[in-house]
Amino acid sequence: MTVTDAEATPSPLAELDQERYAQFRVSFDAVTDFGRRLLAGRLAAAGVLPVAGRTAGREEILARLAVAPGYERLADALLDMLARAGLLRGDGGRLAVSDRVAGLAGDDAVDLSAAALRREHPEIAGYVPLLVACQQRLVDVVRGDAPANEVLFPGGSTDLVSAIYQDNVQLDFFNRLCAAAVHGHVQRFLRRYPRSVAQVMEVGAGTGGTTGPVLDALADRAERLRYLYTDVGPGFLRLGRRCFGAGRPHVDFARYNVEGAPGEQGFEPGSMHVVLASNVLHATMRISVALRHCHALLRPGGILVINEMTSRLDYNTLTFALAEGWWRHADDEPRLPASPLLDVAGWRVALTRAGFVDVRAHAVPGLDADEQAQTVFVATAAGACEASR
Ligand SMILES: C[S@@+](CC[C@H](N)C(=O)[O-])C[C@H]1O[C@@H](n2cnc3c(N)ncnc32)[C@H](O)[C@@H]1O
């Protein structure tokens, strides 16, 4: 079953160059395969994995890794990944490394392979430096000897992470889906109520990867719009102000933690026509609670637009999962194994339980739900539909 609610796919904003996307997927797989071998090479070089011809038990390997509190889930996920990839093989209840691990032992070999990969797959070249940087420091991070933030954002720079966002056929497509969904709802509301102002609130806006395309799509409605750019991190609000503040009097900036009730943080419940949350809700301790808070912000009939990863991808486990925040979800929260994510079916259930109706999933046309790396959900807060009244 394909995931997309085709009849509801919003506007030409959301067109995808299928050929380019297919090439992106092939290249992404090549980068991921490189990353898995890199991981095995680093763990072998650190003496964590058994040397060629020897075996070790899983507990023994974890003990050699000396995992710091908070990183147990990551360590398990990494060993599972190596086993799935055949880089670590079961041998009578013990584990041995495969021959494929040997090639990437030294830094020079890594640099040469990384450069070749970037040449062969220019469309995903931006993914390689982050992967190499994360794997170079992985053992230090897992042991608690290096802060993950310093690896992902060295010296406070967002360059390593931003490189992924540049001219990225997949991320651009999903951002345009978000823009189309927000724009469509605002448009319908303003047509229906020509004397009203539409209220849009973005949660976890961060570096504004989704904000930019959404604000561009809404530019023709700016004089009848209030866009509230929020994040839990004050640094992101400063960044947001610099990027999106000048020349846009309709955009405001405020701190909001989606793990807390809106009313307790100065936001009027039931005041928003649209709430947008792009790549943020998986980072909360309880998605069920965060969704209830998003619902509380919305007027009856208002929509929540969620952009989320809906498959566990090893590339993310090798990079973003180094951040402690990736693993902060509660033990009893239903998430995809070895990740903080939900799949498409999981989001539908969570949204329905939080009081949303008419839940629609938008993603790459023609792919099955379990093949979708990312999905945009549009769900309506229960109550009369304001845009169509
Ligand atoms: C992966 S970034 C995504 C940023 C942006 N939405 C995008 O898609 O480019 C996650 C963002 O969510 C924010 N965040 C994490 N937990 C949050 C919470 N409990 N409430 C609000 N924002 C949160 C982080 O500060 C960060 O800016």
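Cut-off values and rules
- Each chain carries its own residue numbering, running from 1 in the written order of its sequence.
- Per-residue local features of the predicted model are confined to residues with pLDDT of at least 70, and side-chain atom pairs are confined, for both listing and counting, to 80 or more; whole-chain, interface and lining totals are unaffected and use all residues.
- Where side-chain values are given, they derive from all heavy atoms of the structure, hydrogens and water being excluded.
- Elements are defined by DSSP. Helices are runs of H or I of four residues or more, strands are runs of E of two residues or more, and each kind is numbered from the N terminus.
- Multiply 1.5 Å by the residue count of a helix minus one, and that product is the helix's expected span.
- For the exposure calls, accessible area comes from a 1.4 Å probe over protein chains only, and a residue counts as buried if that area is under 20% of its type's maximum, exposed if over 50%, partly exposed in between.
- Contacts: residue pairs with any heavy atoms within 4.5 Å of one another.
- This arc describes the spread of directions from the helix axis toward the C-beta atoms.
- Residues forming no salt bridge and having over 30% relative accessible area are the ones grouped into patches, like charges within 9 Å of each other and nonpolar side chains (Val, Leu, Ile, Met, Phe, Trp, Tyr) within 5 Å.
- Residue exposure ignores everything except the shown protein chains as possible cover, and the areas themselves are Shrake-Rupley values with a 1.4 Å probe.
- A carboxyl oxygen of Asp or Glu within 4 Å of a side-chain nitrogen of Lys or Arg is what we treat as a salt bridge.
- Charge assignment: positive for Lys and Arg, negative for Asp and Glu; neither His nor the chain ends contribute.
- Charge coordinates come from a single atom per side chain, which is NZ of Lys, CZ of Arg, CG of Asp or CD of Glu.
- Each domain's extent was defined by an automatic or database domain assignment.
- We define buried area as the total accessible area lost by two parts upon association, computed with a 1.4 Å probe and summed across both.
- Between N or O atoms, a polar contact is any pair within 3.5 Å; within protein, one atom must be a potential hydrogen donor and the other a potential acceptor, and residues adjacent in sequence are included only when both atoms are from side chains.
- Throughout, the ten residues Ala, Val, Leu, Ile, Met, Phe, Trp, Tyr, Cys and Pro are labelled nonpolar, Asp, Glu, Lys and Arg are labelled charged, and all others, Gly among them, are labelled polar.

Caption draft 1: Representation of helix α3 (residues 72–84) in the model. Its 13 residues give α3 an end-to-end C-alpha distance of 18 Å, which sits within 8% of 18 Å, the value for a rise of 1.5 Å per residue. Listed as buried for α3 are L74, A75, A77, L78, L79, M81 and L82. For α3, the secondary structure elements touched by its buried residues are α1 (18–45), α2 (58–65), β1 (88–91), α5 (127–142) and α12 (314–318). Of the residues trailing α3, G86 is marked for its positive phi of about 75°.

Caption draft 2: Summary view of α2. Taken residue by residue, α2 has I61, L62 and L65 as its buried positions. Down the axis of α2, the smallest arc covering the buried residues is 95°, so these residues share one side. For α2, the exposed residues set more than 90 degrees away from the buried face come down to E59 and A63. Next to the buried residues of α2 lie α1, α3, β2 (94–97) and α5. Looking one or two residues beyond α2, the residue adopting positive phi is A66, at roughly 50°.

Caption draft 3: Seen up close, a negative patch on the surface. The grouping of D343, D368, D370 and E371 at the surface amounts to a negative patch. Following the sequence through the fold, D368 ends up in the loop between β8 (356–362) and β9 (374–381). The class for D368 is partly exposed, based on a relative accessible area of 33%.

Caption draft 4: Structural view of the domain arrangement of the chain. Domains assigned within the chain are domain 1 (6–10 + 169–388) and domain 2 (18–165). Of note, the centres of domain 1 and domain 2, computed from C-alpha atoms alone, are 31 Å apart. On the side of domain 2, 31 residues touch domain 1, which itself brings 27 residues to the contact. The contact between domain 1 and domain 2 buries some 2700 Å² in all, and 67% of this surface belongs to carbon and sulfur atoms. Counting the surface domain 1 buries against domain 2, the share from its top three residues, Y315, L318 and L322, is 29%. There are three salt bridges connecting domain 1 and domain 2. D331 is the salt-bridge partner of R73, the closest N and O atoms lying 2.8 Å from each other. Between the two partners, domain 1 and domain 2, sit 10 residue pairs in polar contact (both at pLDDT 80 or more). When residues of the side of domain 1 that touches domain 2 are traced back to their parent elements, those giving at least two are α8 (169–192) and α12. Counted by class, the side of domain 1 that touches domain 2 contains 16 nonpolar, four polar and seven charged residues.

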